[in-house]
Amino acid sequence: MKNFVFPWRGAVAGLAGSLLLIANASAEDACGLCVKQIVTNSELATCFLDQYDQIAKSNGNAVVVDLSSCASRGIVEALPSPTKAPAEPDMQFMVSRLQLQCLKKQLEAPGVVLDPSATIQLDSCK
C-alpha cells in the first residue's frame with residue numbers, strides 16, 4: 001500500500017506545482033477573456049471617463065467594464081442608413097489593466113471621432 005500512495009503523492013505535488021507555474025505565467029500574460037476591440041460612442045466614452053477612477057480601483061488583472069447604466073433612456077435614435085448601419089456600442093466588456101489605461105488614453109486623444117460609433121482597437125495595448 002505504501003508503494004501505491006507514494007507515486008500518487010508525487011503526481012499530486014507535481015501537478016500542483018505545474019498549476020502554480022501556469023497560474024503565475026498567465027497572470028502576467030494578456031487576459032484570455034479580454035476583448036481585442038470595443039465599439040463606443042461619445043455618450044458611452046464620456047460615461048467611461050467619468051467612471052474611470054472607480055473602474056480602475058477594482059482588484060485583479062482583468063477589469064470588467066459595465067456601462068449599461070450609461071445608455072440614455074427615452075431618446076429615440078434615427079433609423080440607420082440602409083447602406084451601412086453603425087456598429088452597436090459595447091456596454092459590457094472585459095479588459096486587462098493595460099488595456100484599460102490604453103482605452104482611456106485613446107478616448108482622451110484630441111480629435112477622436114466617436115459618433116455615430118467608433119471601433120477602438122485594444123489588441124496593441126500590451
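Residues numbered from 1 in each chain as written. Predicted model: local features only at pLDDT ≥ 70, side-chain atom pairs only at ≥ 80, totals over all residues. Heavy atoms only, no water.

**Q** Give me the nonpolar core: which residues, what numbers.
**A** By size, the foremost hydrophobic cluster in this structure holds 22 residues, and its most contacted members are Phe 48, Val 65, Leu 100 and Leu 103. Listed by contribution, the elements that provide at least two residues to this core are α2 (42–56), β2 (62–66), β3 (92–96), α3 (97–108) and β4 (118–121). For this core, the element with the highest residue contribution is α2, accounting for six residues. Ignoring anything within four residues of it in the chain, the contact list for Phe 48 reads Ile 55, Val 65, Leu 67, Leu 100, Leu 103, Lys 104 and Leu 107. (Core = buried A, V, L, I, M, F, W, Y, C linked by side-chain atoms within 4.5 Å. Buried < 20%, exposed > 50% of the residue type's maximum accessible area, 1.4 Å probe, protein only. Helix = DSSP H or I, 4+ residues; strand = E, 2+ residues; numbered from the N terminus. Contact = heavy atoms within 4.5 Å.)

**Q** Which residues make up the side chain of Thr 40, and what values go with them?
**A** Examined against the element boundaries, Thr 40 turns out to sit in strand β1 (residues 37–40). Note on Thr 40: relative accessible area 3%, which makes it buried. Non-local contacts of Thr 40, meaning those with residues more than four positions away in its chain, are made with Ala 45, Pro 89, Leu 107, Leu 114, Ser 117, Ala 118 and Ile 120.

**Q** Give a detailed account of the pattern of salt bridges, specifying residues and quantitative values.
**A** For the structure on display, the rule yields one salt bridge. When the shortest N-O distance is used, the salt bridge between Glu 108 and Lys 104 registers 3.1 Å. Of the two residues, Glu 108 and Lys 104 are both situated in helix α3; the distance of four residues between them amounts to about one turn of the helix. With relative accessibility at 44%, the residue Glu 108 sits in the partly exposed group. (Salt bridge = Lys/Arg side-chain N within 4 Å of Asp/Glu carboxyl O.)

**Q** I'd love a proper account of the packing of aromatic side chains, names of residues and values included.
**A** Throughout the structure, instances matching the rule amount to one aromatic pair. Ring plane angle 70° and centroid distance 5.9 Å describe the contact between Phe 48 and Tyr 52, whose orientation is recorded as edge-to-face. With a gap of four residues between them, Phe 48 and Tyr 52 both fall in helix α2, about one helical turn apart. Both residues of the pair, Phe 48 and Tyr 52, count as buried. The aromatic ring of Tyr 52 is capped on one face by Lys 104, whose charged end is 5.2 Å from the ring centroid. (Phe/Tyr/Trp six-rings, centres within 6.5 Å; stacked < 30°, edge-to-face > 60°. Lys NZ or Arg CZ within 6 Å of the ring centre and 35° of its normal.)

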